[in-house]
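# A look at the structure
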Amino acid sequence: MQKQQILELVRQEVRSAVIARKEFIIAANWKMNKDKNDIIGFLKNLNKEKLENKNKIILFPPYPYLYLLEEQLRYSKALYGMQNIFWETSGAFTGEVSVEMALDFGCKYVIIGHSERRNILMETDEMAGKKVGACLQHGLSPVLCVGENLDERKFSHYKERIKSQIATALSQVDIEKTGKIILAYEPVWAIGTGMNASPEQVEEVHMFIRSVLDSLFGEKAAACIPILYGGSVKTSNVRDIAVAKDVSGFLIGGASLDFDEFKRIISLLDT
Ligand code: 13P
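I will try to describe carefully the structure that is included in this document. (Residues numbered from 1 in each chain as written. Predicted model: local features only at pLDDT ≥ 70, side-chain atom pairs only at ≥ 80, totals over all residues. Heavy atoms only, no water.)

### Focus: the overall build of the chain
- Across its full length, the chain carries 12 helices and 8 strands.
- Here the C-alpha radius of gyration of the chain, 18 Å, is about what a compact globule of 271 residues would show, namely 18 Å.
- Dimensions along the principal axes, computed over C-alpha positions, put the chain at roughly 70 × 45 × 35 Å.
- The proportion of buried residues among the 271 residues of the chain is 48%.
- Counted over contacts in the chain with a minimum sequence separation of 6, partners at least 24 positions apart contribute 73%.
- Surface exposure of the chain reaches about 13300 Å², of which carbon and sulfur atoms provide 53%.
- Put simply, the chain has 34 plus and 35 minus side-chain charges, and the middle of one group is 4 Å from the middle of the other. (Helix = DSSP H or I, 4+ residues; strand = E, 2+ residues; numbered from the N terminus. Rg over C-alpha atoms; globule rule 2.2 N^0.38 Å. Buried < 20%, exposed > 50% of the residue type's maximum accessible area, 1.4 Å probe, protein only. Contact = heavy atoms within 4.5 Å. Areas by Shrake-Rupley, 256 points an atom, 1.4 Å probe, with all protein chains shown as cover. Lys, Arg positive; Asp, Glu negative; His and termini not counted. Charge placed at Lys NZ, Arg CZ, Asp CG, Glu CD.)

The following block contains the structure:
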C-alpha cells in the first residue's frame, strides 16, 4: 500500500472516532419551501427511522405547517421550531407571530437573525436582540445566526462583523439563560451557493465565536452554547466540517429538503 493511501486510511479512522464521540445538532431550515403533502411524506419517512442515537434533529418548517409537526412528531425524538418570531406577545402586528404562538404548537427553538431576513427584510442586530430576549423570557431556545458577506470575507472584516452581531444581539442576556442559546455561523457567501466554508475557515470562526462568547459570559457559562455551521452543507462535506474544533452541529438548507439526502447526512454523523 502506498504511503498516501495509508495516511488517508488513518485520517478516516481518526475522523470516524471524533464523529462517534461528538453529539451533533442537525437542524433543517426549510425556508419558504415544501407543501403539505411533501411535509407529510417527509415526516412519515422520518417516523420510520430509529432516531435513538446521540444526535439531536430539529426541523424548521414554514409557519403554516407547524401543526403537522405537532401532530406527526408527538412520539418522535425529532424536535422542531419556527424560522422567525416577533418580540411582542400579542396585539396589532399584522403578519407577525409571537412566542406564545410558537409554544402553542410545541416549538422549542426559533431561528433568529438569518441572513435572508437581515438582507431582504432589513432586520438589524437590535431586532435580533429583542427576539432573543423574547425567546429566553419564555423558555424557547433562540438559534442566533451570524456571518459575514463576501466583501467582509475578502477584506478580512469578518471577525469584526461577527463580533458586533453577537455582542449586540446577546448584550441583554442574563448569564443564567445561556444554556438555552444556540449560535449558528452562516457565512452569507456560502448559503445556497454550493461553495461551503472550508473546515479550516469554519474552525477559525467557531473558535473566534467561542472567544467572543467567553468574553461576554465567562468561559463556564459560554461553554454550554453550541455553535452550528450552515452554508452549502451536503453529504460530501459534512464529515470533514464535523471534525473541526467547536463544531456542534449544522443548520442545513437545500440538502435538508429531500428526505433521503437528509437521512444520509444524519447517518454520516452517527459514527
Ligand atoms: P444551504 O444549506 O441551502 O446553503 O442554506 C443554509 C442556510 O441558510 C440554513 O439556514
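### Some points on unusual backbone geometry
- Positive phi is not limited to glycine here, since Ser156 has a value of about 55°.
- Relative to the elements of secondary structure, Ser156 occurs in the loop between α7 (150-154) and α8 (158-169).
- The class for Ser156 is exposed, based on a relative accessible area of 52%.
- Located in the positive-phi region is Ser232, a residue other than glycine, with phi close to 55°.
- Tracing the chain through its elements places Ser232 in the loop between β7 (227-229) and α11 (238-242).

### So, the site of the ligand
- Neighbouring residues of the ligand: Asn29, Lys31, His114, Glu186, Ala190, Ile191, Gly192, Gly231, Ser232, Leu251, Gly253 and Gly254.
- A distance of 3.0 Å separates an oxygen atom of the ligand from a polar side-chain atom of Asn29.
- A distance of 2.8 Å separates an oxygen atom of the ligand from a polar atom in the side chain of His114.
- Across the complex, the protein chains shield 95% of the 310 Å² of accessible surface that the ligand would expose by itself. (Near = heavy atom within 4 Å. Polar contact = N/O pair within 3.5 Å; in protein donor to acceptor, adjacent residues only side chain to side chain.)

### Topic: the nonpolar core
- Within the largest apolar cluster, 73 residues are counted, with the highest numbers of intra-cluster contacts made by Leu59, Leu170, Leu183, Ile209, Leu213 and Phe250.
- A total of 7 residues in this core trace back to one element, the largest contributor, which is helix α9 (residues 199-217).
- Apart from residues lying up to four places away in sequence, Leu59 is in contact with Ala28, Trp30, Phe42, Leu43, Leu46, Leu69, Leu73, Leu79, Tyr80, Gly81 and Phe262.
- In this structure, Val143, Ala184, Leu228 and Leu251 belong to the second largest nonpolar core, which totals 12 residues. (Core = buried A, V, L, I, M, F, W, Y, C linked by side-chain atoms within 4.5 Å.)

### Section: the pattern of salt bridges
- In the structure shown here, the tally under the stated rule is 14 salt bridges.
- In this structure, Glu123 and Arg117 form a salt bridge, with 2.6 Å as the shortest nitrogen-oxygen distance.
- We classify Glu123 as buried; its relative accessible area is 7%.
- Arg117 sits in the partly exposed class, given a relative accessible area of 22%.
- Ionic pairing is found between Lys131 and Glu123, a salt bridge with its closest N-O pair at 2.7 Å.
- When salt bridges with common partners are traced through the structure, they connect Glu8, Arg11, Arg15 and Asp240 into a single cluster. (Salt bridge = Lys/Arg side-chain N within 4 Å of Asp/Glu carboxyl O.)

### Description of the pairing of strand β5 (residues 141-146)
- Of all the 6 residues making up β5, 6 are buried; the element is thus mostly covered by neighbouring parts of the structure.
- Residues of β5 alternate between two faces, with Ser141, Val143 and Cys145 on one and Pro142, Leu144 and Val146 on the opposite face, all of them buried.
- As defined by bridge partners, strand β4 (residues 109-112) adjoins β5 across 4 bridges and the pair is classed as parallel. Residue pairing in the sheet places Ile112 in a bridge with Leu144 of β5.
- Pairing geometry for β5 and strand β6 (residues 182-185), over 4 bridges, is parallel. Following the sheet pairing, Leu144 is matched in β6 by Leu183. (Pairing = 2+ DSSP bridges.)

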